[in-house]
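Okay, here's what each chain looks like letter by letter:
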Amino acid sequence: MTDDSAPKTMIHLDGVGKIYPGTDVPAVASLTLDIPEGEIVVLVGPSGCGKSTTLRLINRMIEPTSGRIIFDGDDVTGVNPDELRRRIGYVIQQIGLFPHQTIASNIATVPKLLGWSKSDINSRVDELLDMVGLEPGVFRDRYPKELSGGQAQRVGVARALGADPAVLLMDEPFGAIDPITRERLQNEFLRLQSELKKTIVFVTHDIDEAIKMGDRIAILGDQSRIAQFDTPERILAYPVDDFVDDFIGSGSTLKGLNFERVRDVDFDDYPVVRAGVGHTEARTTLAESSEQWLLVLDQADRPVRWVDETYLDSTDKPLIERGLPVKVTIEPQATLRDALEEMLLSSSGHVCVVDGKGAFQGVVGILTLTDVIDRMQTEAQEHYDQLREVS
Amino acid sequence: MVTLGRWCLRCGPVSNDSQQAAATPPAINENAGTLSYRPLIVGAVLVVGAVVVGFAVGGNLGGLIVIVTGLIMGLTGPVNFAEGRNKLAMIADGRLPAADAGPSRMKKILGAISTVIAVALAIALLVLLFTWAADGIGNWFEWIRAADREDEIRTRLVEHAQLVLTSMFWATIVGVGAGIVAHRFDFLRGPFLGIAAFFLTIPSFALFAVFIPISFIGIGDRGPIIAMAMYAQLPIMRNTITGLSEVDPSVVESAKGMGMSAFQRLRKIEMPLAWPVILTGLRVATLLTVGIAAIAVLVGGGGLGRFVQDGLTRHGLPTAIERTWTGVVFILILAQLLDLGFGLLRRLTTPKGLK
């Protein structure tokens, strides 16, 4: 992996493979992969590609038959697997809470194994319950069967974070949850991760979840062969082969626009006038530009009207009463996907960008978006061309 | 649930019903371990009332039935009642979906009544049989209440219980241990269960006697203890294996994933979760051996079997039927007490989250 800001590698898989006894075909062929510290790496691929197996090779729930696992600089291929697992959080789709233990006791599992003091454990449990948004006073002494699916999954995450491991392995953690709750849990988890900065390996079969959750995505083919390993932006902009292209499916350009923000693009040179000016001046401004529409700002610099030639006559009615209203504006931190959405609703086919106070910043049009898409694809292509030259 | 129907299980391997009943134990809230006092008082009144009425009637057939019925209702009623009430409370709290609640209270009451009637009828039949065989047992109550006889009954009862419990102690260690091993090493499952099933097919009299020539066993209680422990293997081992294999695999997987060693998983996760099923196996095995223990007397052991044997050797003489009857009745009572004990044990030892 060559990257601009090469972060430290937390987990290094070096030719790790698994061949089950009695078979010739490996479940996981030799896999080499670097998981950077503090990032979410998503393993995604079709069913049966071995992505779960790969995940379970990392904490040696499945013992690899070849290769080495380097964890935080140490070769852990031969260490006591139980001790290794206590350093790695593990969340599975079925959650697997212990039904005979309270929520507090479930969350305390690893701290107890590590021999923490009772008071440390208690305060850690409350901290974690708070962190995942469950009121400790209410949930501490409940039993798993008294939780909803979403609550149980939060407890599952809290339990995996029990002893504050640097690494978290998550095997389709939100797979068995209804779409609305899943969306909420994903967002909460991303917010949590922005504070915790854990190194996370995340398995899913859902490319949209992968794009949403991943800092990097490894698209896996048969026997966990890496088809492409990159940031979601680059994968969407430049799928390396047909397999990846098929897998990410249609609409990848649209999805790619989610990764670019309005503040990062150059605004169009757009004709603008103040509400107070006369029609003649407005007409001149419009004529000097190549645009069809003129944007009218009020005294506080807020965009208020779209005006075109037909509204500019000799009546000299105030411009603020002419033309069509500016119905939608967006702020600079919005994504280009949002911008596109608003453009489709806008009278002029353009969308106004405003700051927090509503003051005009610039205008974005459809051509800006095509430029950005072009640039993303070219950059990704160049990136891969460079890689090819190097190798 | 404390039922009397367990007696029926003594003649064969563990039925599926009992295993499933234990695998999905009824849901009860946190107060479940403690029986509420009101039904207990009602139960106690029933017991005392039945005994008083029974003796007042004069120790004949009617009195006996009244006593036994009162005992059953008084002892099992509070348990069932408390269970039903706690469940209703949980449904009201919204902590238990109504669909999970199991049979309604009405069905429970009907079930309890029909159990009581069935057992009472069975006892009545037995009594009729004895009455027919011995031209009446009207004097039986007086016979067992003779001063020295009360002592003897007490001694024999304690001997019988000791025999059963000692045997069960060893049977549990061996059976649960073998069950755990067979669960872990799949290929041992067939052989272990096969051997346990084979034990059950050996005629009990023969098995009791087989140990006599062995010098450190000889005659006395040791042979029967070993034999009974052998009979107990199938239900214990089978329920241990079933209980362990019914533990949700994702629970074991997550325990492993968090770094619990195999032993920690067994001790903290698998055994507690399998425990209700294992306990059912122990219960069935115990009731199985209570009956078989009567044979111990034939190889020089103690227990209530002695009354039965006394009765048989005095066949045709006075008090022969009274003696046999004494042995049988107190074995039944002991079985009922042990069953009740298991019911309470289950209630007290089942982890709260599973109830």
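Reference entry: report on the structure contained in this document.

What counts as what
Residues numbered from 1 in each chain as written. Chains lettered and ligands numbered in written order. Predicted model: local features only at pLDDT ≥ 70, side-chain atom pairs only at ≥ 80, totals over all residues. Heavy atoms only, no water. Helix = DSSP H or I, 4+ residues; strand = E, 2+ residues; numbered from the N terminus. Rg over C-alpha atoms; globule rule 2.2 N^0.38 Å. Contact = heavy atoms within 4.5 Å. Areas by Shrake-Rupley, 256 points an atom, 1.4 Å probe, with all protein chains shown as cover. Lys, Arg positive; Asp, Glu negative; His and termini not counted. Charge placed at Lys NZ, Arg CZ, Asp CG, Glu CD. Pairing = 2+ DSSP bridges. Axes fitted to C-alpha atoms, helices over the stretch in contact; angles between N-to-C directions. Buried area = accessible area lost by both parts, 1.4 Å probe. Salt bridge = Lys/Arg side-chain N within 4 Å of Asp/Glu carboxyl O. Polar contact = N/O pair within 3.5 Å; in protein donor to acceptor, adjacent residues only side chain to side chain. Nonpolar A, V, L, I, M, F, W, Y, C, P; charged D, E, K, R; others polar. Patch = residues over 30% accessible without salt bridge, like charges linked within 9 Å, V, L, I, M, F, W, Y side chains within 5 Å. Buried < 20%, exposed > 50% of the residue type's maximum accessible area, 1.4 Å probe, protein only. Parallel < 35°, antiparallel > 145°, perpendicular 65-115°, else oblique. Left-handed = near helix turned anticlockwise from the far one by under 90°. Phe/Tyr/Trp six-rings, centres within 6.5 Å; stacked < 30°, edge-to-face > 60°.

## A few points about the overall build of chain A
The secondary structure content of chain A amounts to 15 helices and 17 strands. For chain A, the C-alpha radius of gyration of 27 Å lies well beyond 21 Å, the compact-globule estimate for 391 residues. For chain A, the spread of C-alpha atoms along the principal axes amounts to about 85 × 55 × 30 Å. Counting only contacts in chain A whose residues sit at least 6 apart along the sequence, the fraction spanning at least 24 positions is 62%. Of the roughly 17,800 Å² of accessible surface on chain A, 47% is carried by carbon and sulfur atoms. If the 40 positive side-chain charges of chain A are averaged to one point and the 64 negative ones to another, these points end up 8 Å apart.

## Side note on the sheet that holds strand β10 (residues 226–230) of chain A
All names here are of chain A. Taken in spatial order, the 6 strands line up as β6-β7-β8-β3-β9-β10 in an open sheet, and their pairing is mixed. Edge strands, defined here as strands with exactly one partner in the open sheet, are β6 (88–92) and β10. Taking each pair of neighbouring strands and ignoring which way they run, the sheet shows an average axis angle of 15°. Looking at chain direction, strand β3 (residues 40–44) and strand β8 (residues 199–204) are connected through 5 bridges and run parallel. If you follow L43 over to β8, its bridge partner there is V203. The strands touched by helix α1 (residues 51–58) within the sheet are β3, β6, β7 (167–171), β8 and β9 (216–220), with β8 carrying the most contacts at an inclination of about 155°. Packed on one face of the sheet, helix α8 (residues 179–196) meets β3, β7 and β8 and runs near 140° to β3.

## Details of the sheet that holds strand β11 (residues 272–274) of chain A
Residue and element names in this part refer to chain A. Spatial ordering of the open sheet is given by β11-β12-β13-β14, a layout of 4 strands whose pairing is mixed. Taken across any chain shown, the strands that pair with only one partner, and hence form the sheet edges, are β11 and β14 (324–325). The strands touched by helix α13 (residues 279–288) within the sheet are β11, β12 (293–297) and β13 (303–308), with β12 carrying the most contacts at an inclination of about 130°.

## Observations regarding the interface of chain A and chain B
Facing 24 residues of chain A, the contacting portion of chain B comprises 24 residues. Carbon and sulfur atoms supply 61% of the area that chain A and chain B bury against each other, a total of about 2,100 Å² over both sides. Our enumeration of links across chain A and chain B arrives at 1 salt bridge. Our count for the chain A to chain B interface comes out at 7 residue pairs in polar contact (both at pLDDT 80 or more). Every element with two or more residues in the side of chain A that touches chain B is listed here: α2 (81–86), β6 and α4 (109–113) of chain A. The residue inventory of the side of chain A that touches chain B, partitioned by class, reads 11 nonpolar, 6 polar and 7 charged.

## What to know about a negative patch on the surface
Residues and elements named next belong to chain A. Negative charge collects at one region of the surface, where D241, D242, D245 and D246 lie side by side. With respect to the element layout, D246 can be found in helix α11 (residues 242–248). Given a relative accessible area of 62%, D246 falls into the exposed group.

## Focus: the packing of helix α10 (residues 249–257) of chain B against helix α11 (residues 262–292) of chain B
Residue and element names in this part refer to chain B. Here α10 crosses α11 at 165°, and the two axes come no closer than 11 Å. On the basis of their axis angle, the class for α10 and α11 is roughly antiparallel. Considering the relative orientation of α10 and α11, their crossing is right-handed. Contacts from V251, V252, A255 and K256 in α10 reach R265, I269, E270 and L273 in α11. Broken down by class, the residue content of the contact of α10 with α11 amounts to 5 nonpolar, no polar and 3 charged.

## Overview of the side chain of D171 of chain A
Relative to the helices and strands, D171 of chain A resides in strand β7. Here D171 of chain A sits buried without a salt bridge, and the closest side chain of opposite charge, R56 of chain A, lies 5.8 Å off (N-O distance).

## Some thoughts on the pairing of β10 of chain A
All names here are of chain A. The sheet contact formed by β9 and β10 spans 4 bridges and is antiparallel. Across the sheet, the residue bridging to I217 is D230, located in β10. Counted between consecutive antiparallel strands, the loop separating β9 from β10 contains 5 residues, among which Q223 sits at a positive phi close to 55°.

## Overview of the packing of aromatic side chains
Residue and element names in this part refer to chain A. Applying the stated criterion to the full structure yields 8 aromatic pairs over all chains. Considering the side-chain rings of F174 and F202, the 6.1 Å spacing of their centres and the 50° angle between planes classify their relative orientation as tilted. With F174 in the loop between β7 and α8 and F202 in strand β8, this pair connects stretches of sequence that are 28 residues apart. No difference in accessibility class separates F174 from F202, as the two residues are buried. When the centroid spacing of 5.8 Å and the interplanar angle of 85° are considered together, the rings of Y270 and W306 count as edge-to-face. Of this pair, Y270 sits in the loop between α12 (252–256) and β11 while W306 sits in strand β13, and the two are 36 residues apart along the sequence. For W306, a relative accessible area of 2% corresponds to the buried category. Here the aromatic cluster, defined as three or more aromatic residues joined through ring pairs, consists of F174, F189 and F202.

## Brief notes about the environment of S289 of chain A
All names here are of chain A. Note that S289 resides in the loop between α13 and β12. Taking C-alpha positions, S289 is 8.5 Å from D269, a pair spaced 20 residues apart along the chain. Among the polar contacts made by the side chain of S289, one reaches the main-chain carbonyl oxygen of L286 at a distance of 2.9 Å. Engagement of the side chain of S289 in a polar contact is seen with the backbone nitrogen of E291, the distance being 3.2 Å.

## So, a nonpolar patch on the surface
All names here are of chain B. On the surface, I109, I113, I117 and L121 cluster together into a nonpolar patch covering about 360 Å² of accessible area. Tracing the chain through its elements places L121 in helix α4 (residues 105–133). Note on L121: relative accessible area 54%, which makes it exposed.

## Focus: the pattern of salt bridges
All names here are of chain A. Overall, the coordinates contain 25 salt bridges over all chains when judged by the stated rule. D230 is paired through a salt bridge with R234; the nearest N and O atoms lie 3.1 Å apart. Across the pair, exposure class does not vary: D230 and R234 are buried alike. Across the salt bridge formed by D298 and R302, the nearest N and O atoms sit 3.2 Å from each other. D298 gets classed as buried once you look at its relative accessible area, which sits at 11%. Residues participating in the shared-partner salt-bridge network are R124, E127, D164 and K198.

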